[in-house]
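Each chain, letter by letter, is given below.
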Amino acid sequence: MKAFMAAFLVWTLISANGGGGEAWPTHTACRDGSLEVLYQSCDPLQDFGFSVDQCSKQLKSNLNVRFGIILREDIKQLFLDVAFFTKGSSILNYSYPVCEEDLPKFTFCGRRKGEQIYYAGPVNNPGFEIPPGEYQVLLELYNEKHSTVACANATVICS
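The structure displayed is predicted, hence computed values, not measured ones.

Novice: Could you give an account of the environment of G88, with specific residues and numbers?
Specialist: As for its position among the elements, G88 is in the loop between β6 (78-86) and β7 (89-100). Separated by 48 residues in sequence, G88 and Q136 place their C-alpha atoms 8.5 Å apart.

Set out below in structure tokens:
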């Protein structure tokens, strides 16, 4: 009987998350007549919310976004790595310090594990027009210990 209960417990724990094979749902960050931005969390343990207020293929230099997540890690420092691909080829990679210990740019800098981040406001980026095509974007937020805070695979479709 104990062996049966142990096997049942193991089966329950494994099947509760689909055996590890379940992916997070695909979300729409924004949609306009000529632009659609979709994303999916690539963190196996956590999903998050993200949206863009102005959905236009003419990307403005001050873009209003909304982002929400519950932290699994402290963030004394926070960095964003972004990689853009099209047709399997890398077209742009960059890293950006979001929170630095001596220069916090946002009110959520310094938050601790278990706290919630909700940010609604502008982010500075270079303004440009998105050329027609389909692009894949990999975004990763990580802290000073290189622990992943959030990760997303995004698809940008511009016609």
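Novice: I'd like to hear about the state of the cysteines, residue by residue, with values.
Specialist: Within this structure, the stated rule accounts for three disulfides. Covalent S-S linkage joins C42 and C151, the inter-sulfur distance amounting to 1.8 Å. Handedness here is read from the sign of the S-S torsion; for C42 and C151, about -85°, the answer is left-handed. Taken together, the residues C42 in the loop between β2 (35-41) and β3 (49-52) and C151 in strand β12 (residues 148-158) connect sequence positions 109 residues apart. Classification of C151 by relative accessible area gives buried; the value is 12%. Between C99 and C109 runs a disulfide, and the two sulfur atoms are separated by 2.1 Å. Taking the torsion about the S-S bond as the criterion, the C99 to C109 disulfide, at about -75°, is left-handed. Of this pair, C99 sits in strand β7 while C109 sits in the loop between β8 (103-104) and β9 (116-124), placing them 10 residues apart in sequence. For the pair C99 and C109, one class covers both residues: buried.

Novice: Just give me the short version of the side chain of N143, but keep the residues and values in it.
Specialist: Positionally, N143 belongs in strand β11 (residues 133-143). A relative accessible area of 1% means that N143 is categorised as buried. In this structure the side chain of N143 is engaged in a polar contact, spanning 3.0 Å, whose partner is the backbone oxygen of D74. At 2.9 Å, the side chain of N143 forms a polar contact with the backbone nitrogen of K145. Residues in contact with N143, not counting those within four places in the same chain, are E73, D74, I75, Q77, L78, F79 and V149.

Novice: Tell me what's going on with the sheet that holds β9, and back it up with residues and numbers.
Specialist: Spatially, three strands are ordered β3-β5-β9 in an open sheet, and the strand pairing comes out antiparallel. Where the open sheet ends on each side, the last strands, each with one partner, are β3 and β9. Here the average twist between neighbouring strands, direction ignored, is 10°. With nine bridges joining them, strand β5 (residues 62-70) and β9 adopt antiparallel strand pairing. When the sheet's bridge partners are listed, V65 is paired in β9 with G121.

Novice: Before we move on, could you go through the side chain of D47 and cite the residues and values that matter?
Specialist: By the secondary structure assignment, D47 is in the loop between β2 and β3. The buried charged residue D47 lacks any salt bridge, with R72 as its nearest oppositely charged partner at 11 Å. At a separation of 2.8 Å, a polar atom in the side chain of D47 contacts the side chain of H27.

Scoring rules and cut-offs
- Residues numbered from 1 in each chain as written.
- Predicted model: local features only at pLDDT ≥ 70, side-chain atom pairs only at ≥ 80, totals over all residues.
- Heavy atoms only, no water.
- Helix = DSSP H or I, 4+ residues; strand = E, 2+ residues; numbered from the N terminus.
- Disulfide = S-S within 2.5 Å.
- Buried < 20%, exposed > 50% of the residue type's maximum accessible area, 1.4 Å probe, protein only.
- Polar contact = N/O pair within 3.5 Å; in protein donor to acceptor, adjacent residues only side chain to side chain.
- Contact = heavy atoms within 4.5 Å.
- Pairing = 2+ DSSP bridges.
- Axes fitted to C-alpha atoms, helices over the stretch in contact; angles between N-to-C directions.
- Lys, Arg positive; Asp, Glu negative; His and termini not counted.
- Salt bridge = Lys/Arg side-chain N within 4 Å of Asp/Glu carboxyl O.

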